[in-house]
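# Fold and contact review
Here's the letter readout for the chains.
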Amino acid sequence: MYSFLLAVAALIAGFLIYGKIVDRHFGPDDRQTPAVKNNDGVDFVPMPVWKVFLVQLLNIAGTGPIFGALGGALFGPVVYLWIVFGCIFAGAVHDYCCGMLSMRHNGASVSEIAGTYLGNGMRQVMRVFSVILLVMCGVVFTTGPAGLLEIISDGAVSKNLWLWIIIAYYFVATFVPVDKVIGRIYPVFGVCLIVMALGVAGSMLFSGNYVMPEVWNNFTNMHCNGTPIWPFMFITVACGAISGFHATQSPIMARCTTSERQGRNVFYGAMCAEGVIALVWAAAGVTVYESSRALLDAGGGCSAVVYEICRSTMGKVGSVLALLGVVACPISSGDTAYRSARLTLADWFKLDQSSVKNRLLLTIPLFGAGIVICGLDYQIVWRYFSWSNQTLAMIVLWAVSVYFAQQGKSFLISLVPAVFMSAVSATYFFVAPECLGMLWKKLGVSAVSYPVGVVAGIAVALLFLAIFLRKVKRERA
């Protein structure tokens, strides 16, 4: 219990102290924001800061800090450390800087920001990469809720019909002005997400029915299958610590924020709030289930486990909240994923989105691609989405580091997490079974693939660091 409370306190302190340091280092000012300057009534719409915060929280959260944290709980209470330190020093820095740079660049999407600081070649790569990632996100947050709704309706409504209903909602939410659907219902779902986490945490802490394990008594890898912590835990727990998907979402709210000085509360604050939610669910995973084997047998990070935890900790009220959490929350991430994909394409092809025709021109093909991908195996799509997610975060942190270097400021606050996430993403690519791990297995060298992959991943990160430092030295010469 004490390690959980200390972890929550550390996240709050991180927002109050390190968040202020990052904010001061970036230097927000009183310039006109895109929401005010470019108000078009569609994507650039001024909104009150409390609403922007709740929408940002739900945009970046959904079920990410729930499913990912439960998956991380398979490694034991050590997952708390990654959530806390990853959130404060990497994830919140990533989200804040991306949102602020978007405001500084007229509400630009993440691909345009990356291109500005990493070159036109990276802009083209990021345009394709981010759109693919966003469509995959829309797909995983379509098929998951559809499957659960089929179970809840006891088969009365088929999964395919639920898929079409959810896709129809996504189309409307992607197409209409941001304040008409997203701005109205997201704050409600955001409150539900927070209440659900508070209810689970309160039951574990005060009901007397659970004993929460401490980090210092379980400072080891407790995964029942022996899956290594590096890099798998850092990929599994994405949204609760750092997530490249957030870089696609922050520009949406950068177009609705009325002052740069609100950035710390909106972007850094929402990430810290998500970190607290992730801590709650990681704690639930290691507390409610007596072992990682029991948690894995129950499904690990999945809707059934969330429902069971809510039901066992909060009874009937928990069951209702779980329904909202595992159905409404992923849907709320899916629709903004498609919306962000539309905005990325609009920036790419310079299409004015105040035009209904232009919005349809981009929205229809996106949903056509999403419908096709919905037919693929869900687990395969999710695995590639997870790796792509963290790789995108890595790229954004390098872009932020270049920005600080060009401004003549210290770039350590973004450089350190950039190097770390480069090592994570590269190592995962070398060793994961859905990446090069397949090749090592076919060649019969799986026994040595992990140590070689770790060394190769770290070498890639150091190579990126050397390229960055050389670029900075050349520009400052």
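How each quantity is defined
Residues numbered from 1 in each chain as written. Predicted model: local features only at pLDDT ≥ 70, side-chain atom pairs only at ≥ 80, totals over all residues. Heavy atoms only, no water. Axes fitted to C-alpha atoms, helices over the stretch in contact; angles between N-to-C directions. Helix = DSSP H or I, 4+ residues; strand = E, 2+ residues; numbered from the N terminus. Parallel < 35°, antiparallel > 145°, perpendicular 65-115°, else oblique. Left-handed = near helix turned anticlockwise from the far one by under 90°. Contact = heavy atoms within 4.5 Å. Buried < 20%, exposed > 50% of the residue type's maximum accessible area, 1.4 Å probe, protein only. Phe/Tyr/Trp six-rings, centres within 6.5 Å; stacked < 30°, edge-to-face > 60°. Lys NZ or Arg CZ within 6 Å of the ring centre and 35° of its normal.

### A short note on the packing of helix α4 (residues 64–73) against helix α12 (residues 263–288)
- Across the interface, α4 lies against α12 with an axial gap of 8 Å and an inter-helix angle of 45°. Regarding the angle of α4 to α12, the classification is oblique. Seen along the crossing, α4 lies across α12 with a hand that is right-handed. Residue-level inspection shows P65, I66, A69, L70 and A73 of α4 in contact with α12, the latter providing E274, I277, A278, W281, A282, G285 and V286.

### Focus on helix α10 (residues 229–236)
- Buried residues dominate α10, accounting for 6 of its 8 residues.
- When α10 is considered as a whole, its buried residues turn out to be W230, P231, F232, M233, F234 and I235.

### Details of the packing of aromatic side chains
- Scanning all chains against the criterion turns up 19 aromatic pairs.
- On the numbers, 6.3 Å between centres and 80° between planes, the contact of F26 with F404 is edge-to-face. Highlighted residues: F26 in helix α1 (residues 2–26) and F404 in helix α16 (residues 378–406), separated in sequence by 378 residues.
- Here F26 falls in the buried class, since its relative accessible area comes to 1%.
- Overall, F404 belongs to the buried group, its relative accessible area being 0%.
- Arranged with centres 6.4 Å apart and planes meeting at 90°, the rings of W398 and F464 form a pair that is edge-to-face. Residue W398 is located in helix α16, and its partner F464 is located in helix α19 (residues 446–476); the two are separated by 66 residues in the primary sequence.
- Taking relative accessible area as the criterion, F464 reaches 29% and is therefore assigned partly exposed.
- In this arrangement the basic side chain of R264 is found over the ring face of F15, its NZ or CZ atom lying 4.7 Å from the centre.

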